[in-house]
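# Coordinate analysis (summary)
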Amino acid sequence: ETGVTQSPTHLIKTRGQQVTLRCSSQSGHNTVSWYQQALGQGPQFIFQYYREEENGRGNFPPRFSGLQFPNYSSELNVNALELDDSALYLCASSLTASADNEQFFGPGTRLTVL
Amino acid sequence: AQTVTQSQPEMSVQEAETVTLSCTYDTSENNYYLFWYKQPPSRQMILVIRQEAYKQQNATENRFSVNFQKAAKSFSLKISDSQLGDTAMYFCAFMNDAGYSTLTFGKGTMLLVSP
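What counts and how
- Residues numbered from 1 in each chain as written.
- Chains lettered and ligands numbered in written order.
- Predicted model: local features only at pLDDT ≥ 70, side-chain atom pairs only at ≥ 80, totals over all residues.
- Heavy atoms only, no water.
- Buried < 20%, exposed > 50% of the residue type's maximum accessible area, 1.4 Å probe, protein only.
- Helix = DSSP H or I, 4+ residues; strand = E, 2+ residues; numbered from the N terminus.
- Pairing = 2+ DSSP bridges.
- Contact = heavy atoms within 4.5 Å.
- Polar contact = N/O pair within 3.5 Å; in protein donor to acceptor, adjacent residues only side chain to side chain.
- Core = buried A, V, L, I, M, F, W, Y, C linked by side-chain atoms within 4.5 Å.
- Disulfide = S-S within 2.5 Å.

Each regular strand carries side chains that alternate between the two faces of the sheet. Residues and elements named next belong to chain A. For strand β4 (residues 31–37), a buried count of seven out of seven residues is recorded, marking the element as mostly surrounded by other parts of the structure. What you see with β4 is no split at all: Thr31, Ser33, Tyr35 and Gln37 on one side and Val32, Trp34 and Gln36 on the other are buried throughout. Sheet topology places β4 next to strand β5 (residues 44–50); six bridges connect them, and they run antiparallel. Each bridged residue has a counterpart across the sheet, and for glutamine 36 the counterpart in β5 is glutamine 44. Connecting the antiparallel pair β4 and β5 is a turn made up of six residues, with glycine 40 showing a positive phi of about 80°.

This is how it looks when you write it as structure tokens:
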């Protein structure tokens, strides 16, 4: 069984640019959640996708957007990058959006904004 | 809104000893889940242990156990017989048992296990 994978591993962008991060969910999982983990902090919830629809959103501006595809893989897009967007971006997949399903995390994408 | 507080930024323990990591949370909900996650230097977050709030019995997983005090909103993690591989950041997290399943994390405790 393949676990959650994310690409790329590292990324360097400049302020104002746009970035797309990708996540492949674990086989059979239809729910993907995205988190931002700033240096020295715990992860913060960005949004969740369930069966291709946004199912919930944290306190992040609209320039953070996402997609989920029919195979339940997902993308996180960030427009107009700011220095504070530098962080580790984690995705987690779960069997369904129900709270009693474990979320399995990917290794993350380290984004640096210069 | 829920909040999770971990008051110990760093902890040290020697191999084979026992260590307890603290966590408190704030919520007005009655049904929820609490978690401890481990994030080793390789970055991948791994679930260590999980507790359902409606269960009075404390969860255990091998060397890991929790002390869940619902009235005090406290959820500590005890690691027995510490091993070098336990060195990692440990995050306490909360999830509501309603709506969409989002995790709210604390800031983490860095645990260093030394020989």
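Residue and element names in this part refer to chain B. Along the chain, lysine 38 falls in strand β5 (residues 32–39). Separated by 16 residues in sequence, lysine 38 and tyrosine 54 place their C-alpha atoms 24 Å apart. The residues contacting lysine 38, other than those within four sequence positions of it, are Gln44, Met45, Ile46, Val48, Gly85, Asp86, Ala88, Met89 and Tyr90. Here glycine 85 takes part through its backbone oxygen, which lies 2.8 Å from a polar atom of the side chain of lysine 38.

Attention now goes to the nonpolar core. The biggest cluster of nonpolar side chains holds 25 residues, and the ones touching the most others in it are Tyr25(B), Trp36(B), Phe75(B), Leu77(B) and Tyr90(B). Those elements that place two or more of their residues in this core are β3 (19–21), β5, β6 (46–52), β8 (64–69), β9 (74–79), β10 (88–96) and β12 (109–114) of chain B. Looking at this core element by element, the count peaks at four residues for β10(B). Discounting residues that sit within four places of it in the chain, Phe75(B) has contacts with Cys23(B), Tyr25(B), Leu34(B), Phe35(B), Trp36(B), Gln51(B), Val66(B), Asn67(B), Phe68(B) and Cys92(B). Listed in part, the 20 residues of the second largest apolar core include Val19(A), Leu21(A), Tyr49(A) and Phe64(A).

Within the structure shown, the criterion is met by two disulfides over all chains. Between the sulfur atoms of Cys23(A) and its disulfide partner Cys91(A) the distance amounts to 1.9 Å. Taking the sign of the S-S torsion, 70° for the link of Cys23(A) and Cys91(A), the bridge is right-handed. Of this pair, Cys23(A) sits in strand β3 (residues 19–24) while Cys91(A) sits in strand β9 (residues 87–94), and the two are 68 residues apart along the sequence. Given a relative accessible area of 2%, Cys23(A) falls into the buried group. One disulfide bridge connects Cys23(B) with Cys92(B), the sulfur atoms lying 2.0 Å from each other. Judged by the sign of its S-S torsion, about -70°, the cystine formed by Cys23(B) and Cys92(B) is left-handed. Here Cys23(B), found in the loop between β3 and β4 (24–26), pairs with Cys92(B), found in strand β10; they are 69 residues apart in sequence, far enough to count as distant. With respect to burial, Cys23(B) and Cys92(B) carry one shared label: buried.

Note that all results are geometric; they support no functional claim without further evidence.
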